[in-house]
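The lines below spell out each chain.
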Amino acid sequence: MRIEEDIKLDYSDVLFRPKRSTLHSRKDVELKRTYKFKHSNNEWSGIPIMAANMDGVGELEVAKSLAKFELMTCLTKQHDINIIKHCSYIKSIYPYLAFSTGTKSEDFKKLNEIIKEFSFFQFICIDIANGYSDHFSKFVQSVREKYPTKTIIAGNVVTADMTQELILSGADIVKVGIGPGSVCTTRIQTGVGYPQLSAVIECADAAHGLGAHIIADGGCTCPGDIAKAFGGGADFVMLGGMFAGHDEGKGKVIKKNGIKFIEFYGSSSDTANEKHYGGLVDYRSSEGKNVKLKYRGKIKDTILNILGGLRSSCTYVGAPSLKQLSKCTTFVRVNQQHNDTFV
Ligand code: 5GP
């Protein structure tokens, strides 16, 4: 047994240190980024925030709203050929869409069918809860061999060694995060995880050294956390809970004492397993929860609030663009992130 003694950080453990700035207004901050991906050689431009491939979030209506702001959406694994065929606006939003897949042979078959039919899909998101298995790297390798010009997202992992392994197996973008999610219970069920800001800093460093990119996935609770992820070196930030509870997610609406709530649940929760796989198999336990979120209306207001916060973070640290945010970042470690008297 070994214990690592150096301190690892979550978003709530730090704040940005403000710095002198020549920026006149938040309006002057450029949030758009352009990336060229290591293996696919594709170029992408947009604001690098993504909706997670979770029910109620990774949905086509959400993608339509996010694409207007040049934000991306990872569609849930349940989006098959028929659903995509029925979407009239799919061609207008595809640069901001990723198609998600698991690693079973039937998943690969479905992926092949989708790409054959909709060859314009640029992003493939190969997503499993534990990206540390040998089988996973091999699967990434086989997708890379079959699709040399598609941009492959692979995850989730939280350490530099596995980030490098996935990139060397063919991933362009590694998805980082084990256990930080708003409806995730992995840390309680298994005791496994890694503080998210440190995971982002360490994996970004490893990926950038190889000319690849990372997504900080999970654990953002407010716009400030998204800014901290970018400050720590994330190229993209993926959001589940922060994008949940809106009209566009089409979640189940529950009314209680006249107040509207929307159901939101983890992809490994009992609810998701029952809905998509006919229940949990005996040897597995649920690693996600089901919560009721206060209904939040149109997603556009949430997007504007996030982008406004992000622009403000950049002005506080003197970064004229999101690209420069991490260079302008000094984090101070804190014991208290905010005053919660009225929370
Ligand atoms: P959030 O933004 O809600 O904090 O985190 C979203 C991320 O949580 C997702 O992108 C995914 O990586 C993770 N996640 C979603 N559902 C589950 C689940 O049921 N269990 C676990 N362990 N993680 C989940």
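The preceding data block contains the structure.
Quick caveat, the model's predicted, so the values are computed rather than measured.

Q: Which parts of the structure should I look at to understand the overall build of the protein chain?
A: From N to C terminus, the protein chain includes twelve helices and 15 strands. For the protein chain, the spread of C-alpha atoms along the principal axes amounts to about 55 × 55 × 50 Å. Per-residue burial for the protein chain yields a buried fraction of 51% across its 343 residues. Long-range contacts, defined here as pairs at least 24 residues apart, represent 68% of the contacts in the protein chain between residues at least 6 apart. Carbon and sulfur atoms make up 49% of the accessible area of the protein chain, which amounts to about 16,600 Å² in all. Side chains of the protein chain give 44 positive and 37 negative charges; the mean places of these two sets differ by 6 Å.

Q: Mind showing me how you'd approach the nonpolar core here?
A: The biggest cluster of nonpolar side chains holds 102 residues, and the ones touching the most others in it are I49 and F243. It is helix α11 (residues 299–317) that provides the largest number of residues to this core, a total of seven residues. With residues near it in sequence (within four places) discarded, I49 still touches L71, M72, I226, F230, V237, L239, F243, I306, L307 and L310.

Q: Can you walk me through the pairing of strand β9 (residues 173–176) in this structure?
A: For a regular strand, side-chain orientation follows a simple rule: the groups alternate between the two sheet faces. Both faces of β9 are covered, namely the face carrying I173 and K175 and the face carrying V174 and V176. Sheet topology note: the strand β8 (residues 151–157)/β9 ladder contains four bridges and is parallel. The partner of A154 across the bridge, within β9, is V174. Once the chain exits β8 it traverses helix α6 (residues 160–168) before rejoining the sheet at β9, and the crossover so formed is right-handed. Alignment of β9 against strand β10 (residues 213–217), held across four bridges, turns out to be parallel. Pairing of K175 across the sheet is with I215, part of β10.

Q: I keep staring at the pairing of strand β12 (residues 253–256) and nothing clicks. Help me out?
A: Where β12 lies against strand β13 (residues 259–265), four bridges are found, and the strand directions are antiparallel. Paired with V253 across the strands is I262, a residue of β13. Hairpin remark: β12 followed by β13, antiparallel, with two residues in the connecting loop; positive phi at N257, about 50°.

Q: For this particular structure, what's the right way to read the site of the ligand?
A: What surrounds the ligand is a group of 20 residues, the closest being S182, T186, D217, S268 and E287. Contacts to the ligand include S182, whose side-chain N or O atom sits 2.6 Å from an oxygen atom. In this structure, E287 approaches the ligand through a main-chain N or O atom, which is 2.7 Å from a nitrogen atom. Coverage of the ligand by the protein amounts to 90% of the 520 Å² it exposes when considered alone. Tallied by class, the residues present in the shell around the ligand amount to five nonpolar, 13 polar and two charged.

Rules used in this analysis
- Residues numbered from 1 in each chain as written.
- Predicted model: local features only at pLDDT ≥ 70, side-chain atom pairs only at ≥ 80, totals over all residues.
- Heavy atoms only, no water.
- Helix = DSSP H or I, 4+ residues; strand = E, 2+ residues; numbered from the N terminus.
- Buried < 20%, exposed > 50% of the residue type's maximum accessible area, 1.4 Å probe, protein only.
- Contact = heavy atoms within 4.5 Å.
- Areas by Shrake-Rupley, 256 points an atom, 1.4 Å probe, with all protein chains shown as cover.
- Lys, Arg positive; Asp, Glu negative; His and termini not counted.
- Charge placed at Lys NZ, Arg CZ, Asp CG, Glu CD.
- Core = buried A, V, L, I, M, F, W, Y, C linked by side-chain atoms within 4.5 Å.
- Pairing = 2+ DSSP bridges.
- Right-handed = clockwise from strand over helix to strand, strands pointing away.
- Near = heavy atom within 4 Å.
- Polar contact = N/O pair within 3.5 Å; in protein donor to acceptor, adjacent residues only side chain to side chain.
- Nonpolar A, V, L, I, M, F, W, Y, C, P; charged D, E, K, R; others polar.

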